[in-house]
Each structure stands twice: as structure tokens, then as C-alpha cells.
Amino acid sequence: MSQCTAVALLPPPEHVVRYAVPGEPPEAGYVLCELAEHHTGEHAALLWDVDATREGVWVRWHGSGGCSSGGGSGGGSGERARLAGLAWCAAVDARSGDACGLFAGHPSAHDFDVVDPTLVEMDAHLDGHPDPADGP
């Protein structure tokens, strides 16, 4: 199953802007939805994990971009993204033993069953090409 292609532009938080060096404002950044395509509900991207609470801090937003989860263009349509601390999904891939890297109760396939189409294309392009770091 392919990964959702929704993207959101997140402006820097106001408290970060307030402390920025004058004339050097922090830049907005893009996040990509990590759920499987055609998921329901909000898009989601992991920002960081918190070992102390055993959860991840996720940005959640509504918007379009290859999903059936609803209108707008997260972050650019006037809708506000929100941050949420969410527990990790407990699923484990029986083939590899890898844990799912999404949040508990996520609305789509587990991340070990989701394929990033950009990485697939990059792998196909690089297959058979020597790594320049390996030398002549």
C-alpha cells in the first residue's frame, strides 16, 4: 500500500518567532503525511518522540493531497494544524519483528505495510548504479 501524499506547510510557532534574531526570522517547514493512502480522518506526521512518556509528538491536520480525508491544503487553507502527544501503536511485523512507527489507533495500515512511492522510484533509479562513495 502506498503512503499518503498530503503535505502541510507549518509556520514556526509564535514563541520561536519572538526569540528569533532580528532580520533572520525562522522559516516555515513542510511535513508529509505518514499514513497509508486513502486513510480516514486527519493527516499525521511525527515530529519527535518523547522517551519519558513513551509517546510521539505528532502534527495532525485536515487537507487534501492524494487522500480521501477531506478538503483544504493543511496549513495553507486557514485551517490550523495541531500537535498531539500520542502513544505508539503496539503492532509488530511478524516478518521482521519491527514495531509499527505510527500512533495507537491510527486509521490506516501499519507503517511496515506502507511504501513511500518516492523511495521506490529512487531505489529503481539507483539499482545497478554504483555508489560514488565506493570509489572507482
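It should be emphasised that the depicted structure is a prediction, and the values quoted were computed from it without experimental measurement.

S.K.: Summarise the environment of Cys-89; cite the residues concerned and give the values.
M.R.: On the secondary structure map, Cys-89 appears in the loop between strand 5 (82-87) and helix 2 (117-126). Judged by its relative accessible area of 12%, Cys-89 falls in the buried class. Once the C-alpha coordinates of Cys-89 and Ala-99 are considered, the two residues, 10 residues apart in sequence, prove to be 7.8 Å apart. With residues near it in sequence (within four places) discarded, Cys-89 still touches Cys-100, Leu-102, Phe-103, Ala-104, His-106 and His-110.

S.K.: Which residues make up the sheet that holds strand 3 (residues 43-50), and what are the values?
M.R.: Strand order in the open sheet made by the 3 strands is 3-4-5, with antiparallel pairing throughout. The open sheet has two free edges, formed respectively by strand 3 and strand 5, since each of these has just one partner strand. When strand polarity is set aside, the average angle formed by the axes of neighbouring strands in this sheet is 30 degrees. Of the strand pairs in this sheet, strand 3 and strand 4 (residues 55-61) are connected by 7 bridges, and their pairing is antiparallel. Among the inter-strand pairings, Trp-48 is bridged to a residue of strand 4, identified as Val-57.

Conventions we followed
Residues numbered from 1 in each chain as written. Predicted model: local features only at pLDDT ≥ 70, side-chain atom pairs only at ≥ 80, totals over all residues. Heavy atoms only, no water. Helix = DSSP H or I, 4+ residues; strand = E, 2+ residues; numbered from the N terminus. Buried < 20%, exposed > 50% of the residue type's maximum accessible area, 1.4 Å probe, protein only. Contact = heavy atoms within 4.5 Å. Pairing = 2+ DSSP bridges. Axes fitted to C-alpha atoms, helices over the stretch in contact; angles between N-to-C directions.

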